[in-house]
Amino acid sequence: MMILSIIYFYICLYIPLVNSQNSSVSVNRPKFSPCATWNANATTFANSTTVGTNPGVVFVDRNNTIYVTDRTSYRVQVWQNGQNNVTRTVSGGLNDPIGLFVLNNGDIYVENGNVYNQINKWIINSTKSTVVTYLSGGHCYGLFIDINQTLYCSLKINQVLKISLNSTGNMTQLAAGNSTPGNTTYLLNWPRGIFVDINLDLYVADGGNNRIQKFSYGQLNGTTIAGSGTIGTFNLNGPSDVVLDADGYLFIVDQNTNRVIGSGPYGYRCLVGCSQQTGSTSSELNQPYSMSFDSQGNIYVTDKNNARVQMFNLATNPNSCNILSTQTPLLTSNNPSSSFSTLTSSKSSSAPSITSSLTISSTQLSSTTTTSPSIS
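Fair warning: this is a prediction, and the values are worked out from it, not measured in the lab.

Conventions and cut-offs
- Residues numbered from 1 in each chain as written.
- Predicted model: local features only at pLDDT ≥ 70, side-chain atom pairs only at ≥ 80, totals over all residues.
- Heavy atoms only, no water.
- pLDDT = per-residue confidence, 0-100.
- Contact = heavy atoms within 4.5 Å.
- Helix = DSSP H or I, 4+ residues; strand = E, 2+ residues; numbered from the N terminus.
- Polar contact = N/O pair within 3.5 Å; in protein donor to acceptor, adjacent residues only side chain to side chain.
- Buried < 20%, exposed > 50% of the residue type's maximum accessible area, 1.4 Å probe, protein only.
- Pairing = 2+ DSSP bridges.
- UniProt positions renumbered as here; feature names shortened; annotations may be inferred.
- Axes fitted to C-alpha atoms, helices over the stretch in contact; angles between N-to-C directions.
- Phe/Tyr/Trp six-rings, centres within 6.5 Å; stacked < 30°, edge-to-face > 60°.
- Lys NZ or Arg CZ within 6 Å of the ring centre and 35° of its normal.
- Disulfide = S-S within 2.5 Å.
- Salt bridge = Lys/Arg side-chain N within 4 Å of Asp/Glu carboxyl O.
- 1 Å grid on protein atoms, 1.4 Å probe; cavity = no way out; pocket = protein on both sides within 12 Å on 5 of 7 lines; lining within 4 Å.
- Points joined across faces, edges and corners; volume = space filled by probe spheres on them.

Chemist: Just give me the short version of the confidence of the model for the protein chain, but keep the residues and values in it.
Modeler: Caution applies to low-pLDDT regions: their predicted coordinates should not be interpreted in detail. Scored by pLDDT, the protein chain comes out at a mean of 83, with 78% of its residues at no less than 70. This stretch, residues 1-23, has a pLDDT under 50; its non-local contacts, to residues over four places away or in other chains, come to 49 contacts. Counted against residues more than four places away or in other chains, residues 323-372, with its pLDDT under 50, gives 114 contacts.

What follows is the structure, encoded as structure tokens:
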């Protein structure tokens, strides 16, 4: 009985979680319990005084150092090891930076495509940058560097390009899409946040198509795994970022519905901003753009139109995760009146089999409204 109680404790509380990832991957990929929840009310980590009136991407490294692109003041603000005050400002030669990625060694990569059509790099403690590569096509809305030191850039011209940082020729390759906007399996429409897993599969927040596309390594034909055209997931409206946890489940910033959605062994559910109301209270968002986990599983979100960065703390709520049966409920906005269905999620067949049910409030299952994304 004692052993069963211990097992139940670790299943129904979040397990914080060892980052089960390759040591060269600098993003936090926590491992969550199926019943993990986040506080509905956020703490404002940074406001317009430090991140300007138009914050771009937030990135939290594995030491919990926080980086945010400040598009208003053409800079990157840095909080070392989760400190409350800015400890470093990266600037000089930037113009409206959005995309951002940081390696374990402290190298900071910033897209600088608005005017200069380039990606810049600052090494640790450096005050001057070097040019990594030149890319025509405007902004890189998202940057990512995979375990093989290949840099990916989601361009405004409906492409995702990649370039090996280990090569001397700086030769770019097409990873997804082309210059034509479209909604077929091999086209994109306003790709923004991107993520590359340890299998080198590419995930794209295809904002203009209201979907998340997965491109298996070396393939230019994508598969829609969330949003428009899928069954058992939320309807999406202008998704702007996608992140994976340790088990390969998706977490999506759905910009035009002002919320963050997550998947798990029981399907998809809303995590924060679930009223879908535009607002500035602690439980509301207004055009959120980017998200990042810290090492404890807390969620940081750039709340674009509120000119702030919000932190939603990971909460423990064992009473909402009762082990009752072997049913696998599917939480879906397409059928909010039904709590149970055949499991359909982005997780592979190796998903953990946990016999429990999950209680989710009705606001977490509400359908999206339809508005057109505005590009900025």
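Chemist: With reference to specific residues and values, describe the environment of proline 181.
Modeler: Tracing the backbone shows proline 181 in the loop between strand S14 (172-177) and strand S15 (191-196). In sequence terms proline 181 and proline 191 are 10 residues apart; their C-alpha atoms lie 9.7 Å from each other. Once residues lying within four places of it in the same chain are set aside, the contact partners of proline 181 are Asn158, Leu187, Leu188 and Asn189.

Chemist: Describe the environment of glutamine 118, listing the residues and the values that go with them.
Modeler: Relative to the helices and strands, glutamine 118 is located in strand S9 (residues 118-122). If sequence neighbours within four positions are ignored, glutamine 118 has contacts with Val110, Glu111, Asn112, Gly113, Val131, Thr133, Tyr134 and Leu135. Looking at glutamine 118, its side chain comes within polar contact range of the side chain of asparagine 120, at 3.3 Å.

Chemist: Go over the pairing of strand S20 (residues 250-254) with me, naming the residues and quoting the values.
Modeler: The element S20 is largely enclosed, with a buried count of 5 among its 5 residues. Burial of the side chains of S20 extends over both faces: Leu250, Ile252 and Asp254 are buried on one face and Phe251 and Val253 on the other. Sheet topology places strand S19 (residues 239-244) next to S20; 5 bridges connect them, and they run antiparallel. When the bridges of S20 are listed, proline 239 appears paired with aspartate 254. Between the end of S19 and the start of S20, which pair antiparallel, lie 5 residues, with glycine 248 showing a positive phi angle near 85°. Alignment of S20 against strand S21 (residues 259-264), held across 4 bridges, turns out to be antiparallel. What sits directly across from isoleucine 252, in S21, is isoleucine 261.

Chemist: Give me the UniProt feature "repeat: NHL" (unreviewed entry) in the protein chain: which residues, what numbers.
Modeler: As recorded in UniProt, the feature "repeat: NHL" (unreviewed entry) lies at residues 188-218 and 272-315. Annotation note: span residues 188-218, helix share 0%, strand share 52%, distance between end C-alpha atoms 17 Å.

Chemist: A description of the sheet that holds strand S18 (residues 223-227) should follow, citing residues and the corresponding values.
Modeler: Strand order in the open sheet formed by 4 strands is S15-S16-S17-S18, with antiparallel pairing between adjacent strands. Bordering the open sheet on either side are S15 and S18, each of which pairs with just one other strand. Geometrically, the sheet is characterised by an average inter-axis angle of 25° between neighbouring strands, direction not taken into account. Bridging between strand S17 (residues 211-215) and S18 involves 4 bridges; their strand directions are antiparallel. Opposite lysine 214, over in S18, you have threonine 223 as the bridge partner.

Chemist: Hey, could you go over the packing of aromatic side chains for me, with residue numbers and the actual values?
Modeler: Summed over the entire model, instances satisfying the criterion amount to 12 aromatic pairs. Taking 6.4 Å as the distance between ring centres and 70° as the angle between the ring planes, the aromatic pair formed by phenylalanine 59 and tyrosine 67 counts as edge-to-face. Considered together, phenylalanine 59 and tyrosine 67 belong to a single accessibility category, that of buried residues. Taken together, the aromatic side chains of Phe59, Tyr67, Phe101, Phe144 and Phe195 make up a single cluster linked through ring pairs. Here the basic side chain of arginine 192 rests over the ring of tryptophan 190, its NZ or CZ set 3.7 Å away from the ring centre.

Chemist: Can you lay out the state of the cysteines for me, pointing to particular residues and giving the numbers?
Modeler: The final tally for this structure, using the stated rule, is 2 disulfides. The disulfide partner of cysteine 140 is cysteine 153, and the gap between their sulfur atoms is 1.8 Å. As the torsion about the S-S bond is roughly -95°, the cysteine 140-cysteine 153 disulfide counts as left-handed. Taken together, the positions of cysteine 140 in strand S11 (residues 140-145) and cysteine 153 in strand S12 (residues 150-155) put the pair 13 residues apart, joining distant regions of the chain. One disulfide bridge connects cysteine 270 with cysteine 274, the sulfur atoms lying 2.2 Å from each other.

Chemist: For the pattern of salt bridges, give the residues involved together with the corresponding values.
Modeler: Opposite charge on two side chains permits pairing when their charged atoms draw close. One pass over the full model with this rule turns up 7 salt bridges. Lysine 31 is the salt-bridge partner of aspartate 247, the closest N and O atoms lying 2.9 Å from each other. Of this pair, aspartate 247 sits in the loop between S19 and S20 while lysine 31 sits in the loop between helix H1 (2-12) and strand S1 (37-38); the two residues are 216 residues apart in sequence, bridging distant segments of the chain.

Chemist: Break down unusual backbone geometry for me, with residues and values.
Modeler: Phi is positive for tyrosine 74, close to 55°, though the residue is something other than glycine. Examined against the element boundaries, tyrosine 74 turns out to sit in the loop between strand S4 (66-70) and strand S5 (75-79). Residue tyrosine 74 is classed as partly exposed on the basis of its relative accessible area, which comes to 35%. Here glutamine 276, not a glycine, exhibits a phi torsion of approximately 65°, which is positive. Along the chain, glutamine 276 falls in the loop between strand S22 (267-272) and strand S23 (288-293).

Chemist: So, the side chain of serine 154: which residues are in play, and what are the values?
Modeler: One can find serine 154 in strand S12. Once residues lying within four places of it in the same chain are set aside, the contact partners of serine 154 are His139, Cys140, Tyr141, Gly142, Gln159, Val160, Pro191, Arg192 and Ile194.

Chemist: So what's going on with empty space enclosed by the protein? Residues and values would help.
Modeler: Within the structure shown, the criterion is met by 3 cavities of 30 Å³ or more. Along the walls of the largest cavity sit 24 residues, with Val58, Phe59, Ile194, Asp241 and Met291 positioned nearest its centre. Where the lining of the largest cavity is concerned, the elements lending two or more residues are strand S3 (55-60), strand S7 (100-102), S11, S15, S19 and S23. If one sorts the elements of the lining of the largest cavity by residue count, S23 sits on top with 5 residues.

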